[in-house]
Amino acid sequence: MWNGKKVSVVFPCYNEEKNIRRAINDFFSTGYVDELVVVDNNSKDKSMSEIKKTKAKYVLEKKQGYGNALMRGLKEAKGDLIITAEPDNSFIGKDVIKLLIYSDDFNVVFGTRTSKSLIWDGAKMNWFLRWGNVFVAKLLEYLHNGPCLTDVGCTLKLIDKKSYNFIKDKLNVGGSHFSPQFMLLCIRSKLECVEIPVNYRDRIGDSKITANFWKSFKLGMKMIGMIIEYRFKKI
């Protein structure tokens with residue numbers, strides 16, 4: 001609970017058995033999280049059994065894809081404030097407090113992983129990923145008249161329920177380029193948005209995208225294409 005508002009956290013989950021329980025406990029341990037929804041996106045490992053050992057809400061989403069998992073989680077969440085995050089150790093539960101503080105003044109809070117002082121040793125944020133994220137974020141910022149942006153791929157975000165209900169029917173990206181669509185819809189819908197730096201640590205397990213240079217490059221190009229396309233769309 002935060003200032004009388006119920007707080008929900010959403011985790012997309014695909015083969016995260018190695019860290020999922022620790023992540024759930026870490027976010028609940030902040031004392032502010034009332035509900036944690038874990039969306040199992042057809043995991044092939046023991047993620048389901050690990051999740052069910054906790055007090056998190058388990059949801060199965062059969063439509064494969066990062067965006068599909070997050071859209072299902074956002075739909076399932078009952079909180080007045082909804083936070084999305086990753087259960088792979090890359091984010092720290094206590095950063096929830098940063099997002100909540102800013103939620104007093106903003107409808108939407110975007111996290112950024114590109115602040116050098118908060119990138120931990122071993123984090124999957126090499127020079128290409130860091131500067132690629134900054135470049136694409138700046139493109140989104142300037143083409144869509146957004147706030148200062150330096151990251152388009154950070155899952156750690158917050159949106160209030162009323163604002164989510166305003167954009168939910170426009171969210172339709174089921175793949176890994178869901179994040180910039182979410183961001184530009186929030187900005188173009190005139191919601192009050194801000195970006196803040198968050199801790200970014202070494203993930204546990206293999207990344208589904210950033211571990212491969214060409215997958216990362218293709219994803220970046222897809223994001224750029226969508227950002228330019230939406231510049232000429234009526235929202």
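So, a few notes on the structure that sits alongside this text. (Residues numbered from 1 in each chain as written. Predicted model: local features only at pLDDT ≥ 70, side-chain atom pairs only at ≥ 80, totals over all residues. Heavy atoms only, no water.)

## Quick word on the side chain of E195
Inference 1: Note that E195 resides in strand β7 (residues 193–197).
Inference 2: The charged side chain of E195 is buried without a salt bridge, its nearest counter-charge being K138 at 6.7 Å.
Inference 3: Separated by 2.8 Å, the side chains of E195 and T150 make a polar contact.
Inference 4: When near neighbours in sequence (up to four residues on either side) are disregarded, E195 contacts F110, G111, T112, C148, L149, T150 and D151. (Helix = DSSP H or I, 4+ residues; strand = E, 2+ residues; numbered from the N terminus. Buried < 20%, exposed > 50% of the residue type's maximum accessible area, 1.4 Å probe, protein only. Lys, Arg positive; Asp, Glu negative; His and termini not counted. Salt bridge = Lys/Arg side-chain N within 4 Å of Asp/Glu carboxyl O. Polar contact = N/O pair within 3.5 Å; in protein donor to acceptor, adjacent residues only side chain to side chain. Contact = heavy atoms within 4.5 Å.)

## Some remarks on empty space enclosed by the protein
Empty pockets left among the atoms are what a rolling probe the size of a water molecule brings to light.
Inference 1: Here the structure, examined in full by the defined rule, presents one cavity of 30 Å³ or more.
Inference 2: Taken as a whole, the largest cavity holds about 60 Å³ of empty space.
Inference 3: What lines the largest cavity is simply Y66, L70, L74, T84, C154, T155, K157, F178, S179 and F182.
Inference 4: At the level of elements, α3 (66–76) and α7 (178–188) are the ones that each hand at least two residues to the lining of the largest cavity.
Inference 5: Looking at the lining of the largest cavity residue by residue, the class counts come to six nonpolar, three polar and one charged. (1 Å grid on protein atoms, 1.4 Å probe; cavity = no way out; pocket = protein on both sides within 12 Å on 5 of 7 lines; lining within 4 Å. Points joined across faces, edges and corners; volume = space filled by probe spheres on them. Nonpolar A, V, L, I, M, F, W, Y, C, P; charged D, E, K, R; others polar.)

## Looking at the sheet that holds strand β6 (residues 157–160)
Strand pairing in a sheet relies on backbone hydrogen bonds, with the paired strands running either antiparallel or parallel.
Inference 1: One open sheet holds the seven strands; their spatial order is β3-β2-β1-β4-β6-β5-β7, and the pairing between them is mixed. Whereas interior strands pair on both sides, the edge strands pair on one side only; in this sheet they are β3 (57–60) and β7. Between one strand axis and the next, the sheet turns by 20° as a mean value, whatever way the strands run. (Pairing = 2+ DSSP bridges. Axes fitted to C-alpha atoms, helices over the stretch in contact; angles between N-to-C directions.)

## Observations regarding the packing of aromatic side chains
What characterises a pair of aromatic rings is the spacing of the ring centres plus the angle enclosed by the ring planes.
Inference 1: This structure, assessed with the given rule, holds seven aromatic pairs.
Inference 2: When the centroid spacing of 6.5 Å and the interplanar angle of 75° are considered together, the rings of Y66 and F178 count as edge-to-face. Of the two residues, Y66 sits in helix α3 while F178 sits in helix α7, which places them 112 residues apart along the sequence. No difference in accessibility class separates Y66 from F178, as the two residues are buried. (Phe/Tyr/Trp six-rings, centres within 6.5 Å; stacked < 30°, edge-to-face > 60°.)

## Describing the pattern of salt bridges
Inference 1: Evaluation of the coordinates by the stated rule reveals 12 salt bridges.
Inference 2: Of the charged contacts, one joins E50 and R21 as a salt bridge, the two residues approaching to 3.8 Å between their closest N and O atoms. Of this pair, E50 sits in helix α2 (residues 47–51) while R21 sits in helix α1 (residues 20–28); the two residues are 29 residues apart in sequence, bridging distant segments of the chain.
Inference 3: With relative accessibility at 35%, the residue R21 sits in the partly exposed group.
Inference 4: Taking the shortest distance from any N to any O, the salt bridge between R203 and D88 comes out at 2.9 Å. Of this pair, R203 sits in the loop between β7 and α8 (213–231) while D88 sits in the loop between β4 (81–84) and α4 (95–103), and the two are 115 residues apart along the sequence. Take R203 and D88: they sit in the same class, and that class is buried.
Inference 5: One connected set of salt bridges, linked through shared partners, spans K57, E61, R72 and E76.

## Concerning a nonpolar patch on the surface
Inference 1: On the surface, F213, W214, F217 and M221 cluster together into a nonpolar patch covering about 440 Å² of accessible area.
Inference 2: Along the chain, M221 falls in helix α8. (Patch = residues over 30% accessible without salt bridge, like charges linked within 9 Å, V, L, I, M, F, W, Y side chains within 5 Å. Areas by Shrake-Rupley, 256 points an atom, 1.4 Å probe, with all protein chains shown as cover.)

## What to know about α4
Inference 1: Of the residues making up α4, those classed as buried are D95, V96, L99, L100 and S103. Axial view of α4: buried residues confined to an arc of 150°, hence all on one face.
Inference 2: Looking at the buried residues of α4, the elements they touch are β1 (7–13), α1, β4, β5 (108–112), β6 and β7. (Arc of directions from axis to C-beta.)

## Observations regarding helix α5 (residues 127–143)
Inference 1: An ideal rise of 1.5 Å per residue puts 24 Å on 17 residues; α5 measures up with 24 Å between its terminal C-alpha atoms.
Inference 2: Those residues of α5 that fall on the buried side of the exposure criterion are L129, R130, N133, V134, V136, A137, L140 and E141.
Inference 3: Looking at the buried residues of α5, the elements they touch are α7 and α8.
Inference 4: For α5, the side-chain oxygen to backbone nitrogen distance between the N-cap and F128 is 3.1 Å, and the N-cap itself is N126.
Inference 5: In the stretch just after α5, N145 is the one whose phi turns positive, near 55°. (Expected span 1.5 Å × (residues − 1).)

## Focus: the pairing of β5
Inference 1: Within β5, five of the five residues are buried, leaving the element largely enclosed by the surrounding structure.
Inference 2: Neither face of β5 is exposed, since V108, F110 and T112 on one face and V109 and G111 on the opposite face are all buried.
Inference 3: The pairing of β5 with β6 spans three bridges and is classified as antiparallel. Pairing of V109 across the sheet is with L158, part of β6.
Inference 4: Of the strand pairs in this sheet, β5 and β7 are connected by five bridges, and their pairing is parallel. Across the sheet, the residue bridging to V108 is C193, located in β7.

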